[in-house]
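Here are the chains, one letter per residue:
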Amino acid sequence: MTTADIGETGAAPGRFSLGSFRAKFILVVGAAVLFDLLLSGGIAIFNVQRLSRDVAAEVGEGLTSANEEFLRTYIDTTAQRADLLMEGVHSQLETLTAVTQFMLDNPETSERVGNALLADPALSSPLQYNAAAGWAQNSPGVPSAVSVWGYLLDENGVPKPAAQAAIRDSAILELLGPAMMAIGSPKLQLYYIGPKDASITRSVPYSDQAGTLDKLYPGHNKGPSFWDFFFPGIYESWQSWLANPSARPAGTDIVATMPYIDTTSGSMVVSYFDPLYTPDRKAVAGGVAVDLTLDQLVNLVESVNIAETGFGFLATSNGNVLATNALGERTLGLSVSGVGGQGVTGVARSLRKSTQTAIAGLELPRNQETVLRHIFLEENGEQVPYLVVLKQLSPSNLWDGKSIVAETMTLGFVVSERDIYHSLISAQKNISAATRGIVNYQVLMVFASLLVVLAAVYAISGRITRGLSQLAGAARRLQAQDYTVRVDIPSRDEVGAVGVAFNRMAEEIRFHTENLEKLVEARTHQLEEANQEINALNIRLKSENLRLGAELDVARQIQMMVLPRSAELSEIQKIDVAGFMEPADEVGGDYFDVLRSGDHIKVGIGDVTGHGLESGVLMLMVQSVARALQERGDQDPTNFLDVLNRAIYKNIERTRTDKHLSLAFLDYHENRIVLSGQHEEVLVIRNEGEIERIDTVDLGFPIGLEADIAPFIATREFAFETGDVVILHTDGVTEAESPSGELFGIERLCDSARKYHKLGAEAIKEGIIADLMAHIDTQKIHDDITLVVMRHR
């Protein structure tokens, strides 16, 4: 079908018209898809939005508020119970203090009651002096143990008068002690400690306290007092509070120790002290104390039950956890260890050392407000959300081993949000189930819509695909090399346009096929000519490479030939010289030379910019000019460099190169060295190993950069004595890289030179080069390496 044929049946189909294939496809398929999206998509979106917005919001807000309020109430109630336990302990201790203080305030009554109690064999037993240990203690079988330490006994082992008075004044504990031990919170011991000048101890129930303390604290029996040895700072704090009651951290005289594990019972124990005063209230007259087990408080915390994953903990202000259950230890990431001190073992389970990052950084509350925090804890590689509720307990006075400070413990509840918000999660699951139902309904609607689309496409497929089938058959004939094939598609849509294009393509293929042999022959001839040209170029390139390689090899040989020879260096009497040069390429740009004129020795070192043939040629120029100037007898360092620079500058201009070099010379004569020229730092290692680093930046100017550098040339003179070593180097040494990219550096060069400076020049050079090569290892050498070692014999 030709263009003329199409013209006979009507106008050729445009880019878009109602009769085109594109229009038919869009009309049928678009209508079906649009129906599907409007119906099923609209229903799904409407239902999901309504369920998610209304149900999730109302259920979530209600359950969250109820759960948080429950936790607040629960922790407030538990904190009140804990405070009541502590208040009960304080009340019992204050009762004992009040009775004992009454006896001190009424000396006559105290004397009559005390003597009566001491005279009763059922309540008191005589003191027995232990000469070996140096203390006295009453016999067992009575309610309390009375211990009198060596510094309170006279030479016969009899208590001094002040100690006798303290024994009598505290005898009331024989009656009160057993009764108070039997009531209230579980206690391990009640005891009385006398004033500093009579610090006897009386403890209920009876125990061999003197013998036990001897084992735990050797030397305590020598004084100066029981208070100073065991509880330094408590007695003095009480004394200061008499003058300034507002200095008490917690507003009470009672002082507690940090909780610790009792060595006898294994229980967690806190000791509480309450002071006694003289009748005039101007001085402290000892104190009474109680060792209280924290079993009730620990049980109160460990029994906290919140859902399945909840637990409680009790922590001091520094983050040490005093009480929690096994689940709490595991969830909080705590490690347990003992802390020695005061003859007992403390419990160290610090939040700050938790393996959980969120717990280690948990900030405890600073006031009495209840605090809720949301954190994430790692469990089996997953970040699990947890809710932490914190509440401060009432403050107390705490003895920290040196002084008395304020202490406020914190009660905490921890529970998994997944657990506490179980109802919310359940509701969310129900919402998800409803959403899945909607999605399933949406899928059914999609299938129904697809059936509609398929039916519509099937209804018109015969007409649409008829022309395509003809094109496919014609393409197969064309593939079988039947170039006379043509198609006749009567439709006026895109398929008809494709048929026209196919007929034109078949005609062009026939034309090109008939002329293919001629084209192949022409292209083959062109390829042969191109191949001959490539072979000729390869031969020329190979010849050029051989020529350049020979030239570079000759240049390298010439460069190495002009370096100082070992025999030449060995003729120098007072100076031992060794040199090393390793070019980075075939031809290097580094320069060093040793020139001798009588007893004058000139050592030069330089570094031409870059490396390769041009740099090597410039280095040879410098060597030649320097040799000529030395032979002419020019001994002035400044004039020497100036003349050399003018000669090199003119050669650089003639060769039109952009190279220049850093260059320095050392002139040695009669144990003195004159340094001139700008180059790298010069290292001087004195005989004792001290290193001097001489900067040459102000001693010259780059050679070949300016015609006249005389204004920039300066000299520096220094002594060079027996055993001294001078190290000259180029930047290829200090800037050599390790495989990790780390530079060798001037510090490593100094360390290496100091290590070998006692050896000869050759050995020093070999040692430094060995250290350098070990640093470089497998890394490529990017710059020329030159090293010169001078050692005064």
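Rules behind the numbers
For every chain, the first residue of the written sequence is number 1, and numbering continues from 1 along that sequence. Confidence filtering applies because this is a predicted model: local features only for residues at pLDDT of at least 70, side-chain atom pairs given and counted only at 80 or more, and all residues used for totals across whole chains, interfaces and linings. Calculation of side-chain values draws on the structure's entire complement of heavy atoms; hydrogens and water are dropped beforehand. Among the buried residues, those of types Ala, Val, Leu, Ile, Met, Phe, Trp, Tyr and Cys that are joined through side-chain atoms within 4.5 Å form a nonpolar core. Buried, partly exposed and exposed residues are distinguished by accessible area as a fraction of the type maximum, computed with a 1.4 Å probe on protein chains only: under 20%, between the cut-offs, and over 50%, respectively. The helix and strand labels rest on DSSP assignments: H or I over at least four residues marks a helix, E over at least two residues marks a strand, and numbering proceeds from the N terminus. What makes two residues a contact is simply this: any of their non-hydrogen atoms within 4.5 Å. The pairing criterion is simple: DSSP has to find at least two bridges between the two strands. Helix axes are fitted only over the stretch in contact, all axes being lines through C-alpha atoms; the angle between N-to-C directions runs from 0 to 180 degrees. A pair is scored as a salt bridge if a Lys or Arg side-chain nitrogen falls within 4 Å of a carboxyl oxygen belonging to Asp or Glu.

(A) Geometry of the nonpolar core. Counting residues in each nonpolar core, the largest one holds 82 residues, and the members touching the most others are Val148, Ile200, Phe231, Tyr272 and Phe273. Of all the elements, helix H2 (residues 21–105) adds the most residues to this core, at 10 residues. If we skip the residues at most four places from it in the chain, Tyr272 touches Met86, Val89, His90, Leu93, Ile254, Val255, Ala256, Val288, Ala289, Val290 and Leu292. Among the nonpolar cores identified, the runner-up in size contains 49 residues, and Ile572, Val603, Leu666 and Tyr668 belong to it.

(B) Expanded view of the sheet that holds strand E15 (residues 382–392). Read across the open sheet, the 5 strands follow the order E11-E10-E18-E15-E14; overall the sheet is antiparallel. Where the open sheet ends on each side, the last strands, each with one partner, are strand E11 (321–324) and strand E14 (371–379). On average, each strand axis in the sheet is inclined to that of its neighbour by 25 degrees, with strand direction left out of account. Across 3 bridges, strand E10 (residues 311–315) lies against E11 in antiparallel orientation.

(C) The arrangement of the sheet that holds strand E20 (residues 590–597) in detail. The sheet built from 5 strands is open, its strands ordered E20-E21-E22-E23-E26 with antiparallel pairing. On the outer flanks of this sheet lie E20 and strand E26 (715–719), each paired with one strand and no other. Neighbour-to-neighbour, the strand axes of the sheet open up by a mean angle of 15 degrees, direction not taken into account. Two elements, E20 and strand E21 (residues 600–608), share 8 bridges in a ladder whose sense is antiparallel. Note that in E21 the partner of Asp590 across the bridge is Asp607. This element, helix H17 (residues 613–632), spans E20, E21 and strand E22 (661–669) of the sheet and lies at about 15 degrees to E20.

(D) How the structure looks around the pattern of salt bridges. Summed over the entire model, instances satisfying the criterion amount to 25 salt bridges. Note that Glu236 and Lys196 form a salt bridge whose closest N and O atoms lie 2.4 Å from each other. Placement of Glu236 in helix H8 (residues 234–243) and of Lys196 in the loop between strand E4 (187–193) and strand E5 (201–204) is noted, with a sequence separation of 40 residues between them. A salt bridge links Arg418 to Glu382; its shortest N-O distance comes to 2.4 Å. Of this pair, Arg418 sits in helix H12 (residues 417–420) while Glu382 sits in strand E15, and the two are 36 residues apart along the sequence. Exposure remark for Glu382: the relative accessible area of 37% places this residue in the partly exposed category. One connected set of salt bridges, linked through shared partners, spans Lys196, Asp228 and Glu236.

Just distances and angles here, no functional claims.
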